[in-house]
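# Architecture and fold: a report
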Amino acid sequence: MACPAGSEDRLRAFYHGVLGWPELDKPPLLAARGGCWFQVPGGGELHVGVEADFRPARKAHPAFLADLDTVAAALRDAGCEVVWPDPAEIPGRRRLHTYDAVGNRLEFIDAT
C-alpha cells in the first residue's frame, strides 16, 4: 500500500493547523528523510512521517495531556471524529480518542 498522497502536508494541517502544535525544524541530515516534528504542549516532541508501506496504528496509540474541551472543539470544528470512551474503562480519567490526518489513533487525557 502506498503512503497517502500529500501525507506530510496533511500531517502539518492536522498537528499544526487543527491542534495548534508548533512545527519544529528538523536537523538538515534528518530533514532529507522527510517527516515532521511538532512541539507537544506541556513538554515533549512528536516526530511523525510515513513510509511507502504505511499502515496507520489503529490500536496502539500515544496519549497526550490536554484541555479536553479545547481539543474536542478544535477537532469538531475541523470535521475530525471525536470518540468519548466509556468512563468506566478508566475511572477518574476523562479522555477522548481521534485519528490524525493519516489514520493513526490518538488519545487525549484531561489535564485540568
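Before any of the text, the structure's been laid out above.
In this report, we go over the structure that sits alongside the text. (Residues numbered from 1 in each chain as written. Predicted model: local features only at pLDDT ≥ 70, side-chain atom pairs only at ≥ 80, totals over all residues. Heavy atoms only, no water.)

## A look at helix 3 (residues 68-77)
Given 3.6 residues per helical turn, the α-helix brings residues three or four places apart onto the same face. Within helix 3 the residues assigned to the buried category are Leu-68, Val-71, Ala-72 and Leu-75. Taken down its axis, helix 3 places every buried residue within 100 degrees of arc, on the same side. Away from the buried face of helix 3 by more than 90 degrees, exposed residues Thr-70 and Asp-77 are located. Summarising the contacts, the buried residues of helix 3 are in contact with helix 1 (7-18), strand 4 (63-66), strand 5 (95-99) and strand 6 (105-110). Two or three places before Asp-69, at the start of helix 3, stands the capping residue Asp-67, its side-chain oxygen 3.1 Å from that residue's backbone nitrogen. Positive backbone phi, approximately 80 degrees, marks Gly-79, located one or two places after helix 3. (Buried < 20%, exposed > 50% of the residue type's maximum accessible area, 1.4 Å probe, protein only. Helix = DSSP H or I, 4+ residues; strand = E, 2+ residues; numbered from the N terminus. Arc of directions from axis to C-beta. Contact = heavy atoms within 4.5 Å. Polar contact = N/O pair within 3.5 Å; in protein donor to acceptor, adjacent residues only side chain to side chain.)

## Digging into the pairing of strand 5
Most of strand 5 sits inside the fold, with four of its five residues counted as buried. As defined by bridge partners, strand 5 adjoins strand 6 across five bridges and the pair is classed as antiparallel. Bridged to Leu-96 within strand 6 is Phe-108. The turn linking strand 5 back onto strand 6 is made up of five residues, and Gly-103 within it adopts a positive phi angle of 100 degrees. (Pairing = 2+ DSSP bridges.)

## Regarding the sheet that holds strand 5
Across the sheet, which stays open at both edges, the three strands sit in the order 4-6-5 with mixed pairing between neighbours. Of all the strands in the sheet, the pair left with one neighbour each is strand 4 and strand 5. Along the sheet, successive strands turn relative to each other by an average axial angle of 30 degrees, direction set aside. Pairing of strand 4 with strand 6 involves four bridges; the strand directions are parallel. (Axes fitted to C-alpha atoms, helices over the stretch in contact; angles between N-to-C directions.)

## So, the side chain of Asp-110
Relative to the helices and strands, Asp-110 resides in strand 6. Engagement of the side chain of Asp-110 in a polar contact is seen with the side chain of Thr-112, the distance being 2.8 Å.

## A look at the pattern of salt bridges
Summed over all chains, the structure comprises seven salt bridges. A salt bridge links Arg-12 to Asp-9, with the shortest nitrogen-to-oxygen separation between them at 4.0 Å. Placement of both Arg-12 and Asp-9 in helix 1 is noted, with a separation of three residues, approximately one turn of the helix. In this structure Arg-12 comes out as partly exposed when scored by relative accessible area, which is 27%. (Salt bridge = Lys/Arg side-chain N within 4 Å of Asp/Glu carboxyl O.)

## Things to note about the sheet that holds strand 3 (residues 45-48)
Each strand in a sheet pairs with its neighbour through backbone hydrogen bonds, running either in the same direction (parallel) or in the opposite one (antiparallel). Spatially, three strands are ordered 1-2-3 in an open sheet, and the strand pairing comes out antiparallel. Looking at which strands have only one partner, the edges of the open sheet turn out to be strand 1 (23-24) and strand 3. By the bridge criterion, two bridges tie strand 1 to strand 2 (residues 36-39) in an arrangement that is antiparallel. Residue pairing in the sheet places Glu-23 in a bridge with Phe-38 of strand 2.

## Observations regarding the state of the cysteines
Within the structure shown, the criterion is met by zero disulfides. In this structure Cys-80 is not part of a disulfide, and its nearest cysteine sulfur, from Cys-36, lies 16 Å away. Judged by its relative accessible area of 19%, Cys-80 falls in the buried class. (Disulfide = S-S within 2.5 Å.)

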